[in-house]
2 protein chains.
Amino acid sequence: MLQRRAGREQPVDRVFHALADPHRRVIVERLSRGPATVSELARPLPMSLSAVVQHLQVLQGSGLVRSEKLGRVRTCRIEPAALRPVERWIGARRSSWERRLDRLGDYLAEDND
Amino acid sequence: MLQRRAGREQPVDRVFHALADPHRRVIVERLSRGPATVSELARPLPMSLSAVVQHLQVLQGSGLVRSEKLGRVRTCRIEPAALRPVERWIGARRSSWERRLDRLGDYLAEDND
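This one's a predicted model, so the numbers in the text were calculated from it and none came from an experiment.

Visitor: Account for the layout of surface pockets, naming residues and giving values.
Guide: Here the largest pocket is characterised by a volume of approximately 250 Å³. If you go around the largest pocket, you meet 15 residues; those closest to its centre are Trp97, Arg100 and Leu101 of chain A together with Ile78 and Pro80 of chain B. Sort the elements by how many residues they give to the lining of the largest pocket and helix α6 (residues 84-112) of chain A lands first, with six residues. Residues that form the lining of the largest pocket fall into these classes: seven nonpolar, one polar and seven charged. A volume near 190 Å³ is recorded for the second largest pocket. In terms of lining, the second largest pocket is formed by Leu31, Pro35, Arg66, Arg77, Ile78 and Pro80 of chain A together with Trp97, Arg100, Leu101 and Leu104 of chain B. If you list the elements that add at least two residues to the lining of the second largest pocket, you get β3 (73-78) of chain A together with α6 (84-112) of chain B. For the lining of the second largest pocket, the element with the highest residue contribution is α6 of chain B, accounting for four residues. Among the residues forming the lining of the second largest pocket, the class breakdown is seven nonpolar, no polar and three charged.

Visitor: Pulling in residues and values, what's your account of the pattern of salt bridges?
Guide: Considering all chains together, one arrives at 10 salt bridges over all chains under this definition. In this structure, Asp13 of chain A engages Arg25 of chain B in a salt bridge whose closest nitrogen and oxygen atoms are separated by 2.7 Å. Here Arg25 of chain B lies in helix α3 (residues 22-32) and Asp13 of chain A lies in helix α2 (residues 11-19), a pairing that spans two chains. We classify Asp13 of chain A as buried; its relative accessible area is 4%. For Arg25 of chain B, a relative accessible area of 1% gives the class buried. Between Arg94 of chain B and Glu87 of chain A there is a salt bridge; the shortest N-O distance is 2.7 Å.

Visitor: If you had to explain the relation of the copies chain A and chain B to someone new, which residues and values would you point to?
Guide: Of the two same-sequence chains, chain A is brought onto chain B (RMSD 0.0 Å, axial shift 0.0 Å) by a rotation of 180°. Such a combination of turn and shift is consistent with a two-fold rotation axis. An overlap of 100% is found between the interface residues of chain A and their copies at the interface of chain B, pointing to a shared contact surface.

Visitor: So what's going on with the sheet that holds strand β3 (residues 73-78) of chain B? Residues and values would help.
Guide: Residue and element names in this part refer to chain B. Read across the open sheet, the three strands follow the order β1-β3-β2; overall the sheet is antiparallel. Each having just a single partner strand, β1 (36-37) and β2 (65-70) make up the two edges of the open sheet. Bridge count between β2 and β3: six bridges; the pairing is antiparallel. When the bridges of β3 are listed, Arg66 appears paired with Arg77. Across the sheet, helix α5 (residues 49-62) touches β2 and β3, and the angle it forms with β2 is around 120°.

Visitor: Can you tell me about the packing of aromatic side chains, naming the residues and giving the values?
Guide: All chains considered together, the criterion is met by three aromatic pairs over all chains. Aromatic pair Phe16 of chain A and Trp89 of chain A: ring centres 6.0 Å apart, planes at 85°, arrangement edge-to-face. A residue pair is termed long-range when its members are at least 10 positions apart, and Phe16 of chain A in helix α2 and Trp89 of chain A in helix α6 qualify at 73 residues. Residue Phe16 of chain A shares its accessibility class with Trp89 of chain A, and that shared class is buried. Ring pairs connect the aromatic residues Phe16 and Trp89 of chain A together with Phe16 and Trp89 of chain B, which therefore count as one cluster. One cation-aromatic arrangement involves Arg93 of chain B over Trp89 of chain B; the distance from NZ or CZ to the ring centre is 5.0 Å.

Visitor: So what's going on with helix α5 (residues 49-62) of chain A? Residues and values would help.
Guide: Since the α-helix packs 3.6 residues into each turn, any two residues three or four apart lie on the same face. All names here are of chain A. For α5, built from 14 residues, the straight-helix expectation of 20 Å at 1.5 Å per residue is met to within 8% by its first-to-last C-alpha distance of 20 Å. Buried within α5 we find Val52, His55, Leu56, Leu59 and Ser62. Angularly, the buried residues of α5 cover 115° about the axis, an arc narrow enough to put them on a single face. Summarising the geometry of α5, the exposed residues directed more than 90 degrees from the buried face are Gln54 and Gln57. Packing partners of the buried residues in α5 comprise α2, α3 (22-32), α4 (38-42), β2 (65-70) and β3. Looking one or two places after α5, you find Gly63, whose phi comes out positive at around 90°.

Conventions adopted
- Residues numbered from 1 in each chain as written.
- Chains lettered and ligands numbered in written order.
- Predicted model: local features only at pLDDT ≥ 70, side-chain atom pairs only at ≥ 80, totals over all residues.
- Heavy atoms only, no water.
- 1 Å grid on protein atoms, 1.4 Å probe; cavity = no way out; pocket = protein on both sides within 12 Å on 5 of 7 lines; lining within 4 Å.
- Points joined across faces, edges and corners; volume = space filled by probe spheres on them.
- Helix = DSSP H or I, 4+ residues; strand = E, 2+ residues; numbered from the N terminus.
- Nonpolar A, V, L, I, M, F, W, Y, C, P; charged D, E, K, R; others polar.
- Salt bridge = Lys/Arg side-chain N within 4 Å of Asp/Glu carboxyl O.
- Buried < 20%, exposed > 50% of the residue type's maximum accessible area, 1.4 Å probe, protein only.
- Least-squares fit on C-alpha atoms with pLDDT ≥ 70 in both.
- Contact = heavy atoms within 4.5 Å.
- Pairing = 2+ DSSP bridges.
- Axes fitted to C-alpha atoms, helices over the stretch in contact; angles between N-to-C directions.
- Phe/Tyr/Trp six-rings, centres within 6.5 Å; stacked < 30°, edge-to-face > 60°.
- Lys NZ or Arg CZ within 6 Å of the ring centre and 35° of its normal.
- Expected span 1.5 Å × (residues − 1).
- Arc of directions from axis to C-beta.

In structure tokens form, the structure reads like this:
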């Protein structure tokens, strides 16, 4: 299973990678409040417009952001569903170690009897 | 604020980066079920022991994993608290776009009156 999984990049790899950069997270934070044009997204960021466009390409490649162009203006939107595999993965880990803590709790309780 | 944030790597950057690799996620999945030695972690992974050690270094750098050596055996454990900043960030985005959907719902309801 591991070899099959390792053979190609999974969507969850791309989402984690996209979110590993603080500027890309600022873009996602802004888009979580509503759609924005590329210029609006670029305004608070300390970088060139072409650097912002590169970050947007990474975000679009991960599925977190989609955009459409009307005339000369490109508007970006968030795609909340793209975060779900990452939320599921984190949730599964938390359940796993909480079960482990419960078992440890049971063991310690038995030990006290 | 942005420039201050961009100036140095944040813990959340390192956690997202650490989790962007499927093999590192397999290691975290295994450690979520309990501590393991480096050899135990390496067994199911299709790579050299030194490649596994490199992945473990990335995971330790992110704070997700800690290890201790007793004699010649190094045992690794998960550090669940290190996932919290990532969970908080994702949770805040979800609240943000759910509020936006609520406002859209209110607007559409008013429009129907």
